[in-house]
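If you want the building blocks of each chain, they are given just below.
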Amino acid sequence: MLLPAVVGALAVGVAMGGQNTGIFEGEPPRWASNLGRVLMLLGVVVEVAAIVWAVRTGRHRAARHSPLLALSWSHRRRLARQVRRGTPDPDEDPTLLAETARQFAGQRWFVVLVAGLAITSAGQAFVGYAPFFVAIGVLLVVIWAVLVVSVVRNANRGEAFLRAYPDLSGR
């Protein structure tokens, strides 16, 4: 929650003028440089921890043998749409719908990985300390925030679908 505010404050600071700040280059004050390095290091640590956790728990390959991999993109999109809406078509394969909902629910771990990417992006904006890098940093943080919201919404929808249709995979 604080990350967008920090990046926004940096954007205002750079826009109002920094030390020798050009559009693509600038000399960050010592505090910005140090904060940027700390944020970058923290972001990388969070990303590596998320990857190690995903590998150790097997989450990174949880869907490797999924029957959804053999389907066309259009069929997968149709399944995803049905799970998101919470209304399965009567002629759809219930096993595939349940698998789609389970995959949605199992993707929450991406949030930690994306949080690490957002922290790293903010750190890079502080280290660059030029309007261009701040704009890129703000853009990346917005993209990461939209991705987090999307993953959480899909996970919630997948869990709600599984609760609403508990017997779906047993038909």
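Presented here is an overview of the structure given in this document. (Residues numbered from 1 in each chain as written. Predicted model: local features only at pLDDT ≥ 70, side-chain atom pairs only at ≥ 80, totals over all residues. Heavy atoms only, no water.)

**As for the side chain of Glu-47**
- The topology assignment puts Glu-47 in helix α2 (residues 30–57).
- A polar contact of 3.4 Å, which involves the side chain of Glu-47, links it to the backbone nitrogen of Leu-117.
- Beyond its immediate chain neighbours, meaning those up to four positions away, Glu-47 contacts Leu-113, Gly-116, Leu-117 and Thr-120. (Helix = DSSP H or I, 4+ residues; strand = E, 2+ residues; numbered from the N terminus. Polar contact = N/O pair within 3.5 Å; in protein donor to acceptor, adjacent residues only side chain to side chain. Contact = heavy atoms within 4.5 Å.)

**Remarks on a positive patch on the surface**
- Residues Arg-77, Arg-81, Arg-84 and Arg-85 make up a contiguous surface patch of positive charge.
- Mapped onto the secondary structure, Arg-84 falls in helix α3 (residues 73–85). (Patch = residues over 30% accessible without salt bridge, like charges linked within 9 Å, V, L, I, M, F, W, Y side chains within 5 Å. Areas by Shrake-Rupley, 256 points an atom, 1.4 Å probe, with all protein chains shown as cover. Salt bridge = Lys/Arg side-chain N within 4 Å of Asp/Glu carboxyl O. Lys, Arg positive; Asp, Glu negative; His and termini not counted. Charge placed at Lys NZ, Arg CZ, Asp CG, Glu CD.)

**A word on the nonpolar core**
- Counting residues in each nonpolar core, the largest one holds eleven residues, listed as Leu-68, Leu-71, Leu-79, Ala-80, Val-83, Leu-96, Leu-97, Ala-101, Phe-104, Phe-161 and Leu-168.
- Residue assignment for this core shows that the elements contributing at least two residues are α3 and α4 (94–105).
- Looking at this core element by element, the count peaks at four residues for α4.
- Leave out the neighbours within four places in its chain, and Val-83 touches Leu-97, Thr-100, Ala-101, Phe-104, Arg-157, Gly-158 and Phe-161.
- In terms of nonpolar packing, the next biggest core, distinct from the first, is built from six residues, Ala-32, Ile-119, Ala-122 and Tyr-129 among them. (Core = buried A, V, L, I, M, F, W, Y, C linked by side-chain atoms within 4.5 Å. Buried < 20%, exposed > 50% of the residue type's maximum accessible area, 1.4 Å probe, protein only.)

**So, the packing of aromatic side chains**
- Under the counting rule described, the total for this entry stands at four aromatic pairs.
- For the pair Phe-132 and Phe-133, a centre-to-centre distance of 5.5 Å together with 75° between the ring planes defines the contact as edge-to-face.
- Look at Phe-132 and you get partly exposed, because its relative accessible area is 34%.
- Judged by centre distance (5.0 Å) and plane angle (45°), the rings of Phe-161 and Tyr-165 are tilted.
- Relative accessible area serves as the criterion here: at 26%, Tyr-165 is assigned to the partly exposed category.
- Looking at Arg-76, its charged tip hangs above the ring of Trp-73, at a distance of 4.6 Å from the centre. (Phe/Tyr/Trp six-rings, centres within 6.5 Å; stacked < 30°, edge-to-face > 60°. Lys NZ or Arg CZ within 6 Å of the ring centre and 35° of its normal.)

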